[in-house]
Amino acid sequence: MNGQLIHQMLGKLGLHLPLVRFLIVGVANTLVGIGTIYAAMYFLGFDIVYANILGYTIGVIQSFLLNKRWTFASSDRALSSFIRFLLVLAVAYGANL
């Protein structure tokens, strides 16, 4: 399928390609994060706290890279984008508490 056809199909469903990509990145991020946490605990013998630190660190980096490059195709500088990304995560974490 070409890109135009995909856009048309998604549009008929009320979806837009960036939203679909964002959702795919979210699912992938969840799977990699949880997979890392369990692998660190059961295969590497990490304590639950350190396994979670590792899993979340890898998840944050993966989420940033995939969203920057694939979801939004941003050409902003990586460092400034990453700082903004971390600030948004901090605000979301604070709101979640």
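Participant: When you look at a nonpolar patch on the surface in this model, what are you seeing that I'm missing?
Facilitator: On the surface, Ile34, Tyr38, Tyr42, Phe43, Leu44, Phe46, Ile48, Val49, Tyr50 and Ile53 cluster together into a nonpolar patch covering about 1,200 Å² of accessible area. At the level of secondary structure, the elements contributing two or more residues to the nonpolar patch comprise helix 2 (17–42) and helix 3 (48–71). At 4 residues, helix 3 tops the list of elements feeding residues into the nonpolar patch. As for its position among the elements, tyrosine 50 is in helix 3.

Participant: Is there a simple way to explain the confidence of the model for the protein chain in this structure?
Facilitator: Residues shown with low pLDDT carry predicted positions that ought not to be read at fine detail. Here the protein chain shows a mean pLDDT of 88. Residues at 70 or above account for 84%. Per-element averaging of pLDDT across the protein chain places helix 1 (residues 3–12) at the bottom with 62 and helix 3 at the top with 94.

Participant: Please clarify how unusual backbone geometry should be interpreted in this entry.
Facilitator: Glycine aside, residues mostly have negative phi angles, and peptide bonds mostly take the trans form. The phi angle at alanine 73 is positive, at roughly 45 degrees, despite the residue not being glycine. Mapped onto the elements, alanine 73 comes out in the loop between helix 3 and helix 4 (78–96).

Participant: It is not clear to me how the environment of asparagine 29 should be interpreted in this structure. Could you clarify?
Facilitator: Mapped onto the secondary structure, asparagine 29 falls in helix 2. Distance from asparagine 29 to glycine 59, taken between C-alpha atoms, is 5.6 Å for residues 30 residues apart in sequence. In this structure, asparagine 29 is in contact with Gly59, Val60, Gln62 and Ser63, ignoring residues within four places of it in sequence.

Participant: I tried to follow the packing of helix 3 against helix 4 on my own but got confused; where do I start?
Facilitator: Between two packed helices, what matters for the description is the angle formed by their axes and the separation of those axes. Close contact between helix 3 and helix 4 brings their axes to 11 Å; oriented N to C, the two are set at 120 degrees. Looking at the two axes, helix 3 sits oblique to helix 4. As helix 3 runs across helix 4, the sense of the crossing is right-handed. Side by side, helix 3 and helix 4 meet where Val60, Ser63, Phe64 and Lys68 of the first sit next to Ala78, Ser81, Phe82, Phe85, Leu86 and Leu89 of the second. By residue class, the composition of the contact of helix 3 with helix 4 is 7 nonpolar, 2 polar and 1 charged.

Participant: I would appreciate a short explanation of the packing of aromatic side chains in the present structure.
Facilitator: The geometry of an aromatic ring pair comes down to the distance between the two centres and the angle between the two planes. According to the stated counting rule, one finds 4 aromatic pairs in the structure shown. Centre to centre, the rings of phenylalanine 64 and phenylalanine 82 are 5.0 Å apart; their planes meet at 75 degrees, and the pair counts as edge-to-face. In this pair, phenylalanine 64 sits in helix 3 while phenylalanine 82 sits in helix 4, placing the two residues 18 residues apart along the sequence. We classify phenylalanine 64 as buried; its relative accessible area is 8%.

Participant: Sorry if this is basic, but what is going on with the packing of helix 2 against helix 3 here?
Facilitator: With their axes 8 Å apart at the nearest point, helix 2 and helix 3 run at an angle of 155 degrees to one another. One way to sum up the angle between helix 2 and helix 3 is to call them roughly antiparallel. Both helix 2 and helix 3 take part in a crossing whose hand is right-handed. Considered class by class, the residues forming the contact of helix 2 with helix 3 number 17 nonpolar, 10 polar and 1 charged.

About the criteria used
Residues numbered from 1 in each chain as written. Predicted model: local features only at pLDDT ≥ 70, side-chain atom pairs only at ≥ 80, totals over all residues. Heavy atoms only, no water. Patch = residues over 30% accessible without salt bridge, like charges linked within 9 Å, V, L, I, M, F, W, Y side chains within 5 Å. Areas by Shrake-Rupley, 256 points an atom, 1.4 Å probe, with all protein chains shown as cover. Salt bridge = Lys/Arg side-chain N within 4 Å of Asp/Glu carboxyl O. Helix = DSSP H or I, 4+ residues; strand = E, 2+ residues; numbered from the N terminus. pLDDT = per-residue confidence, 0-100. Contact = heavy atoms within 4.5 Å. Axes fitted to C-alpha atoms, helices over the stretch in contact; angles between N-to-C directions. Parallel < 35°, antiparallel > 145°, perpendicular 65-115°, else oblique. Left-handed = near helix turned anticlockwise from the far one by under 90°. Nonpolar A, V, L, I, M, F, W, Y, C, P; charged D, E, K, R; others polar. Phe/Tyr/Trp six-rings, centres within 6.5 Å; stacked < 30°, edge-to-face > 60°. Buried < 20%, exposed > 50% of the residue type's maximum accessible area, 1.4 Å probe, protein only.

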